[in-house]
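# Geometric and topological summary
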Amino acid sequence: MRTRNQSAEPFYSPAGTKRRSPWRQPRRTVQAGQPGTVARKGNPSPAAAVVVPAAGASGPAQGCALRRFRVPPHRATSDIVAGAYPFLAEAGLGSHGVYIGQDAWSGGGFCFDPWTLYADGTLTNPNCLLAGVLGKGKSFLAKSIATRSIAFGRRVYVPGDPKGEWSVVAEAVGGAAIRLGTGTGNRLNPLDAGPRPAGLDQAAWEQEVARRRRTLLGALAATALGRPLAAVEHTALDAALGAACSTADVPTLPVVVDQLLTPTVTLAAATPAELARDGRDLAHALRRLVAGDLAGLFDGPSTVTFDPDLPMVSLDLSAIQGSDDLIALVMTCASAWMEAALAEPDGGQRWVIYDEAWRLIRQPALLARMQSQWKLSRGLGIANLLIIHRLSDLEAVGDANSQARALAQGLLADCSTKIVYQQEVSETAHTATKLGLTTAEQDQLPDLQRGEGLWRVGQQAFIVRHVATPAETQLFDTSARMSTLTSARTRASEETS
Ligand SMILES: Nc1ncnc2c1ncn2[C@@H]1O[C@H](COP(=O)(O)OP(=O)(O)OP(=O)(O)O)[C@@H](O)[C@H]1O
Ligand SMILES: [Mg+2]
């Protein structure tokens, strides 16, 4: 009967020796400290008399193989090789960009940089979508990406933070959080000109400011009215803004509202009485911003400034009490600043992070502004990150076949990177269809743990475990209150028992 050694022998013939019949191979010996020294047992040389012990050679030869490991080369298609050798893994995206964590399939590190991946053709745009159920670490990941990117010279804008959880992060990295809402005492004039881009002459700049103010007022009015403006309302708004600009260098909203309610200008197409009648609904909708539940926020010159050169700026809306409509109005007012900063051609590469975006995309006016940012992203070096709960959030926008629905779907189509955190079982089929996932990838979605996500980067897919440092964990924690309550309860139950 053949022993196991004998049957394995042909695969381990030492280099340079002729292969012999296995059962005629002599027993090999080696002197400790002389790797590769072999001798016939029947004729031991004085220098090679020690048989290799079962635990291997000791001394300098420790851990060395006596023979080279040789396997005949084999070539096959990746399908067949995956069956014959199932331990195949993605090569990864390289080591450019910020370290995210561990690639769960290969065990290697996973780095991500949308600008580098766009430059090498892996991505067709730098925008990213991040979807996942509550509390699975979406914001945590976004905060890691943002703060780690700052070390690479990128800046970060968070144009709306309804939970106020980015403020502490912005301040920790030397940036600023602009807090708006009841009790903050801060006021922002949405008609501020914003920072003037370098290289733009005075005439072009004035034209740009006028265009921006008009677009902003139109978006504000549409949001406040809950419908698009009629043609006569556009005319009334033009007249009111023109009159407000003629009274001050930097007009304010109350002056525009006064001009809508009691116009003082006459246009070729309309008398003041006609303008007042046409702009009546509009005036009352905008009046809410200066005298209604948002009084004190936008009704005068700004008391806070937006510094686009800071590493991170977030707009903290946690003090805005009320519906998503109010948040949308405030974000629209503040967006003029940010858009001016983003339009700066020499502004470098920037992340714009829309956390809790499922609330924002319900507002058609905001959605339209977001879409224009998406389209500009490549030209201006911006990577937008949209954070939602599930892909069907994008289908809950507007009515079927509405423009808003099409805009929301367009945002998904313009995100080359999709990161999917845990999804409910009922959502996985839809997610897989939307993202073109394989069944193996789809099956992973309900089982993903906190901090784990399926990254679809261009045509490649990875399961990545986000790794956070202790300092990040402390800074980004949004469950601190929950853990305080839990530990208080545990203490109380320990005391009573
Ligand atoms: N990678 C991680 N490492 C350690 N802890 C994590 C990680 N990801 C998430 N957590 C923990 O999970 C908590 C919730 O995370 P996070 O607030 O990012 O969830 P979310 O998906 O944004 O939730 P929501 O949808 O409610 O905004 C964090 O406060 C943190 O304690
Ligand atoms: Mg979150």
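Residues numbered from 1 in each chain as written. Chains lettered and ligands numbered in written order. Predicted model: local features only at pLDDT ≥ 70, side-chain atom pairs only at ≥ 80, totals over all residues.

So, on to the sheet that holds strand β5 (residues 176-181). Ordered in space as β2-β1-β11-β10-β9-β3-β8-β7-β4-β6-β5, the eleven strands form an open sheet in which the pairing is mixed. At either end of the open sheet lies a strand with only one pairing partner, and these are β2 (109-112) and β5. Strand after strand, the sheet turns through a mean of 25° between neighbouring axes, direction not considered. In this structure, strand β3 (residues 128-131) lies alongside strand β9 (residues 417-420), joined through four bridges in parallel fashion. Bridge pairing links Ala-131 to Val-420 in β9. (Pairing = 2+ DSSP bridges. Helix = DSSP H or I, 4+ residues; strand = E, 2+ residues; numbered from the N terminus. Axes fitted to C-alpha atoms, helices over the stretch in contact; angles between N-to-C directions.)

Residues Ala-221, Leu-286, Val-330 and Leu-385 are the most contacted members of the largest nonpolar core, which totals 110 residues. Ranked by residue count, the leading element in this core is helix α11 (residues 324-342), at 13 residues. (Core = buried A, V, L, I, M, F, W, Y, C linked by C-beta atoms within 7 Å. Buried ≥ 20, exposed ≤ 12 C-beta atoms within 10 Å, placed from the backbone.)

It is worth spelling out the environment of Glu-233 at this point. With respect to the secondary-structure elements, Glu-233 resides in helix α7 (residues 231-247). For Glu-233, the residues in contact, after removing those within four places along its chain, are Asp-278, Gly-279 and Leu-282. (Contact = placed C-beta atoms within 7 Å.)

All right, on to helix α4 (residues 138-150) then. If you check α4, its first and last C-alpha atoms are 19 Å apart, about what 13 residues at 1.5 Å a residue would give, namely 18 Å. For α4, the buried fraction is high: eleven of the 13 residues fall into the buried class. Of all the positions in α4, only Lys-138, Ser-139, Phe-140, Leu-141, Ala-142, Lys-143, Ser-144, Ile-145, Ala-146, Thr-147 and Ser-149 are classed as buried. (Expected span 1.5 Å × (residues − 1).)

Another point: unusual backbone geometry. Although it is not a glycine, Glu-356 adopts a positive phi angle of roughly 55°. In this structure, Glu-356 sits in the loop between β7 (350-354) and α12 (357-360).

In this section: the site of ligand 1. Contacts to ligand 1 come from 16 residues, most closely from Gly-137, Lys-138, Ser-139, Phe-140 and Gly-451. Considering every element that reaches the shell around ligand 1, the biggest residue donor is α4, with three residues. For the shell around ligand 1, the class distribution of residues is three nonpolar, nine polar and four charged. (Near = placed C-beta within 6 Å. Nonpolar A, V, L, I, M, F, W, Y, C, P; charged D, E, K, R; others polar.)

So, about the packing of α11 against helix α13 (residues 364-380). Orientation of α11 relative to α13, taken along the N-to-C sense of each, is 15°, at an axis distance of 11 Å. With respect to α13, the axis of α11 lies roughly parallel. α13 is crossed by α11, and the crossing has left-handed handedness. Where α11 abuts α13, its residues Ala-328, Met-331, Thr-332, Ser-335 and Leu-342 lie against Ala-365, Leu-366, Arg-369, Gln-373 and Leu-380. By residue class, the composition of the contact of α11 with α13 is six nonpolar, three polar and one charged. (Parallel < 35°, antiparallel > 145°, perpendicular 65-115°, else oblique. Left-handed = near helix turned anticlockwise from the far one by under 90°.)

Time to look at the environment of Leu-376. Within the secondary structure layout, Leu-376 lies in helix α13. Residue classification places Leu-376 among the partly exposed positions, given that 15 C-beta atoms sit within 10 Å. Through-space distance from the C-alpha of Leu-376 to that of Ala-343 is 8.7 Å; in sequence the pair is 33 residues apart.

Here the focus is the pairing of strand β6 (residues 312-319). Taken across its eight residues, β6 has six buried, putting it largely inside the fold. Pairing of strand β4 (residues 155-161) with β6, which is carried by four bridges, proceeds in the parallel orientation. Pairing of Val-156 across the sheet is with Met-312, part of β6. Here five bridges tie β5 to β6, and the two strands are oriented parallel to one another. Note that in β6 the partner of Ile-178 across the bridge is Leu-315.

Now for the pairing of strand β11 (residues 460-466). Sheet analysis places strand β1 (residues 98-103) next to β11, joined by three bridges and oriented antiparallel. Opposite Gly-101, over in β11, you have His-466 as the bridge partner. Pairing of strand β10 (residues 452-457) with β11 involves six bridges; the strand directions are antiparallel. The residue of β11 that forms the bridge with Gly-453 is Val-464.

Of all residues in the protein, 85% have pLDDT values of 70 or greater, and the mean over the chain is 81. Predicted confidence in the protein is weakest over helix α1 (residues 4-8), with a mean pLDDT of 40, and strongest over α4, with 96. Across residues 1-15, where pLDDT falls below 50, the model places eleven contacts with residues more than four positions away in sequence or in other chains. A low-confidence stretch, residues 19-42 stays under pLDDT 50, and its non-local contacts, those more than four residues away or across chains, total 52 contacts. (pLDDT = per-residue confidence, 0-100.)

Quick look at the packing of α7 against helix α8 (residues 253-261) now. In contact at an axis separation of 8 Å, α7 and α8 are set at 130° when each is read in the N-to-C sense. If you check the angle between α7 and α8, you find them oblique. Pair α7 / α8 crosses with right-handed handedness. Together, Ala-236, Ala-240, Leu-241, Ala-243, Ala-244 and Thr-247 of α7 and Val-255, Val-256, Gln-259 and Leu-260 of α8 make up the contact between the two elements.

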